[in-house]
Amino acid sequence: MLGLATRMDFSATDDMNKPSAFCIDGTCIAPGQRALVNLQLAQLFTGTPVTLPVHVLHGRKPGPVLFVSAAIHGDELNGVEIIRRLLKQRTLHNLRGTLLAVPMVNLYGVLDHSRYLPDRRDLNRSFPGHETGSMAARLAHTFMSRIVARCTHGIDLHTGAIGRANLPQIRANLDDAPTEQLARAFGVPVLINSSLRDGSLREAAAEAGVRMLLYEAGEALRLEELAIRAGVAGVVGVMRAIGMLTPGHPRKVRAEPFIARSSLWVRAPESGLCLPRVGLGARVNKGQVLALIADPVTGHEDPVEASASGIVIGRSNQPLVHEGEALFHIGRFEAPKLVAAGIQSFHSELQPIPSEPMEPLPIV
């Protein structure tokens, strides 16, 4: 099936060193053009057609090919808004190379407000997929073969699960020096050296020779302004670092990010009402009380104590918890005091002002 393309000129430069057209699913996008291509997926059982929308921005000059994807988990929505704002950035007028932006990979999950596909599989455990496999495997195969395999770099946008929020962070293979450089270019204060999981997009991309980052920020089924702003700025920062965009003029130089080489979850010792005492980004010490678990009938309270010192990089927002549920995700750093200060500065820089518009001015 041919993709449907809407084209417009988005860059202005000379014809020297001009790349060839970028073709995807029968649609060819000329240098200096952009298009929206819709890849056909399995229709709904109602007969309603479903497509995978892909924004293709093809620069007048050659360069890297970057995919930016969101909603691989259908209830994780911050990335959808990050991509919408990214595509509005004026700085893309000077693009080198090609940007493939996919705002809703798991469109089925988005429609159902669900993390999963209708077959109850996790798409991010189904890569690289297979064209004759399960529903999840077929979607994974389409995304890998049509998008990821065409790219040199990738950024996948995620949030925490329902009722669980993540501090803005990059997860990547930081033992690979070029990938670590990309992670630092994203500009968030916390980097997690994260191993590859079986069936994940990161694992499949690595096997295909594509270096990629995973951005985590916020909570499922929520749009969180700070997480969105950090995401847009981060993607632009990476694009500048790999030569797709010209260097910008940041208003201030951000501190170097900090790498967490390990992390752990603190779990509820009892069931009851969770009354947190610390928030995301807080510096905590081993033995510190992070929350109280209160029995809603008797009023008895049990403390939840930190099992290690570090920074809270993830936190449950659910007030009702059962014994053993994960409550606080603590990242372990060599200099937690400096990390906490860096996070506070990061939040101050990006935190929206109540009187200003929800969407900030474009990055230039």
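Placed above this text is the structure.
Model, not experiment: these values are computed from the prediction.

Conventions we followed
- Residues numbered from 1 in each chain as written.
- Predicted model: local features only at pLDDT ≥ 70, side-chain atom pairs only at ≥ 80, totals over all residues.
- Heavy atoms only, no water.
- Helix = DSSP H or I, 4+ residues; strand = E, 2+ residues; numbered from the N terminus.
- Buried < 20%, exposed > 50% of the residue type's maximum accessible area, 1.4 Å probe, protein only.
- Lys, Arg positive; Asp, Glu negative; His and termini not counted.
- Salt bridge = Lys/Arg side-chain N within 4 Å of Asp/Glu carboxyl O.
- Contact = heavy atoms within 4.5 Å.
- Pairing = 2+ DSSP bridges.
- Right-handed = clockwise from strand over helix to strand, strands pointing away.
- Axes fitted to C-alpha atoms, helices over the stretch in contact; angles between N-to-C directions.
- Parallel < 35°, antiparallel > 145°, perpendicular 65-115°, else oblique.
- Left-handed = near helix turned anticlockwise from the far one by under 90°.
- Nonpolar A, V, L, I, M, F, W, Y, C, P; charged D, E, K, R; others polar.
- Phe/Tyr/Trp six-rings, centres within 6.5 Å; stacked < 30°, edge-to-face > 60°.

1. Topic: the side chain of Asp 75
Consideration 1: Structurally, Asp 75 can be placed in the loop between strand S6 (61-70) and helix H1 (78-86).
Consideration 2: Within the buried core, Asp 75 has no salt-bridge partner, and the shortest N-O distance to an opposite charge, that of Arg 115, equals 5.2 Å.
Consideration 3: Setting aside its immediate chain neighbours within four residues, Asp 75 contacts His 113, Ser 114, Arg 115, Ile 162, Ala 220 and Leu 221.

2. A word on the pattern of salt bridges
Consideration 1: Using the criterion set out here, one finds 12 salt bridges in the structure.
Consideration 2: A salt bridge links Glu 81 to Arg 85; the nearest nitrogen and oxygen atoms lie 2.7 Å apart. Note that Glu 81 and Arg 85 are positioned in helix H1 at a spacing of 4 residues, about one turn of the helix. You'll find Glu 81 and Arg 85 in the same group, each marked buried.
Consideration 3: The salt bridge partner of Arg 184 is Glu 180, with a shortest N-O separation of 3.0 Å. Separated by 4 residues within a single helix, Arg 184 and Glu 180 lie in helix H4 (residues 177-186), roughly one turn from each other.
Consideration 4: In this structure, a network of salt bridges that share partners links the residues Glu 81, Arg 84, Arg 85, Glu 225 and Arg 229.

3. A closer look at the pairing of strand S10 (residues 190-193)
Consideration 1: Side chains Val 190 and Ile 192 project from S10 onto one buried face, and the interleaved Leu 191 and Asn 193 project onto a second face that is buried too.
Consideration 2: Here strand S9 (residues 164-172) pairs with S10 via 4 bridges, running parallel. Within S10, the residue paired with Arg 171 across the bridge is Ile 192.
Consideration 3: What joins S9 to S10 is H4, and the crossover it makes is right-handed.
Consideration 4: Pairing between S10 and strand S12 (residues 258-260): 3 bridges, direction parallel. Bridge assignment links Val 190 to a residue of S12, and that residue is Phe 258.

4. What about the packing of H4 against helix H6 (residues 225-241)?
Consideration 1: Where H4 contacts H6, the axes come no closer than 7 Å and their chain directions differ by 135°. The angle between the axes of H4 and H6 places the two elements in the oblique class. The handedness of the crossing between H4 and H6 comes out as right-handed. In this structure, H4 uses Leu 182, Ala 185 and Phe 186 to contact H6, whose residues at the interface are Ala 230, Gly 231, Ala 233, Gly 234, Val 235, Gly 237, Val 238 and Ala 241.
Consideration 2: When its residues are assigned to classes, the contact of H4 with H6 shows 8 nonpolar, 3 polar and no charged.

5. So, the packing of aromatic side chains
Consideration 1: Enumeration according to the criterion identifies 3 aromatic pairs in this entry.
Consideration 2: Their ring planes at 85° and their centres at 5.8 Å tell us that Phe 67 and Phe 143 sit as a pair that is edge-to-face. Here Phe 143 lies in helix H3 (residues 135-146) and Phe 67 lies in strand S6, a separation of 76 residues in the sequence.
Consideration 3: With relative accessibility at 0%, the residue Phe 143 sits in the buried group.
Consideration 4: Seen in terms of ring centroids, Phe 186 and Tyr 215 are 4.9 Å apart; in terms of plane orientation they differ by 35°. Their pairing is tilted. Highlighted residues: Phe 186 in helix H4 and Tyr 215 in strand S11 (residues 211-218), separated in sequence by 29 residues.

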